[in-house]
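# Understanding the architecture of this molecule
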Amino acid sequence: MSEWWTYRPSDFLLFAPRTYYRLLELYNTEIWPLQVVALLAGAAILLMIRHRAVSSGRIIAFLLAAWWLWVAYAFQWQRYATINWAAEYFAVGFALEALLLIWIGVARDPLRFDSAPRVRTKAGLAIFVVALTLHPLLQLLFGRDWRQLEVFGVAPDPMAVATIGVLLAANRIHWIALPLPLIWCVIGGGTLWLINSA
């Protein structure tokens, strides 16, 4: 135990970086062209928020919930769990977030975007745009193969960031739905940091 200082952060990673990127590549190949559908749904969400239509809140919440459920099952449960034992718990968290979005945005009180403070709306929209467009573009710029890109709607990191953006852009922040995306940002960011330090 006297050699504890010789450990590097990457020694705590449960899988090789190459394994993770290959998992993403296989996943993206198997679900193609669902990424295009997800990006179109993201663009529709962006337009609905910008137009501030009163009726669009339920549609946005439903779309987000559907994509959270997809990521919970198709990515976390079916694929990520093959290389990370904690992914089954992540899947439960993602499914819980989907239920929260249905509860706050569809069943209980629809999300509204018609009278949110301008600054908060702009910040939320900026965060959403980062998740929708800049996230995959930055991955390309940093050398990731296009088949390994994480895209809104089908991958956990951009899904969490986009949801934070939507919740910030709403008239009132639904605090109950924010912790799980924020927690995932820490988990996903930590994982990427460990992968890049390997």
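Overview of the structure. (Residues numbered from 1 in each chain as written. Predicted model: local features only at pLDDT ≥ 70, side-chain atom pairs only at ≥ 80, totals over all residues. Heavy atoms only, no water.)

### Considering the packing of aromatic side chains
Per the counting criterion, the structure on display carries 12 aromatic pairs. Relative to Y20, the ring of F15 has its centre 5.7 Å away and its plane inclined at 20 degrees; by these criteria the two rings are stacked. By the ring-pair criterion, three or more aromatic residues cluster together here, those being F15, Y20, Y21, Y27, W68, F75, Y80, F90, F94 and W184. (Phe/Tyr/Trp six-rings, centres within 6.5 Å; stacked < 30°, edge-to-face > 60°.)

### A few points about unusual backbone geometry
Residue P33 is reached from W32 by a cis peptide bond, and omega for that bond is 10 degrees. Residue position: P33 is located in the loop between helix 1 (17–31) and helix 2 (34–51). (Helix = DSSP H or I, 4+ residues; strand = E, 2+ residues; numbered from the N terminus.)

### Details of empty space enclosed by the protein
For the structure shown, the criterion picks out 1 cavity of 30 Å³ or more. Reported here for the largest cavity is a volume of approximately 60 Å³. Lining the largest cavity are Y20, F75, Y80, P156, D157, W184, I187, G188, T191 and L192. Taken together, the elements giving at least two residues each to the lining of the largest cavity come down to helix 6 (156–169) and helix 7 (179–197). No other element matches the 5 residues that helix 7 contributes to the lining of the largest cavity. In terms of residue class, the lining of the largest cavity is built from 7 nonpolar, 2 polar and 1 charged. (1 Å grid on protein atoms, 1.4 Å probe; cavity = no way out; pocket = protein on both sides within 12 Å on 5 of 7 lines; lining within 4 Å. Points joined across faces, edges and corners; volume = space filled by probe spheres on them. Nonpolar A, V, L, I, M, F, W, Y, C, P; charged D, E, K, R; others polar.)

### A short note on the layout of surface pockets
Rolled over the atoms, a probe with the dimensions of a water molecule shows which regions are left empty. Quantified by volume, the largest pocket comes out at close to 280 Å³. Contributing elements (two or more residues each) for the lining of the largest pocket: helix 1, helix 2 and helix 5 (118–141). Of all the elements, helix 5 adds the most residues to the lining of the largest pocket, at 4 residues. For the lining of the largest pocket, the class distribution of residues is 10 nonpolar, 3 polar and 2 charged. For the lining of the second largest pocket, the leading source of residues is helix 5, giving 4 residues. Each residue belonging to the lining of the second largest pocket can be placed in one class, and the counts come to 5 nonpolar, 3 polar and 2 charged.

### Comments concerning the packing of helix 3 (residues 56–77) against helix 6
The N-to-C vectors of helix 3 and helix 6 enclose an angle of 160 degrees; their axes lie 10 Å apart at closest approach. Looking at the two axes, helix 3 sits roughly antiparallel to helix 6. Considering how the two elements wind past one another, helix 3 and helix 6 form a crossing that is left-handed. Contacts between helix 3 and helix 6 pair I60, L64, W67, W68, V71, F75 and Q76 from the former with P156, M159, A160, T163 and V166 from the latter. For the contact of helix 3 with helix 6, the class distribution of residues is 10 nonpolar, 2 polar and no charged. (Axes fitted to C-alpha atoms, helices over the stretch in contact; angles between N-to-C directions. Parallel < 35°, antiparallel > 145°, perpendicular 65-115°, else oblique. Left-handed = near helix turned anticlockwise from the far one by under 90°. Contact = heavy atoms within 4.5 Å.)

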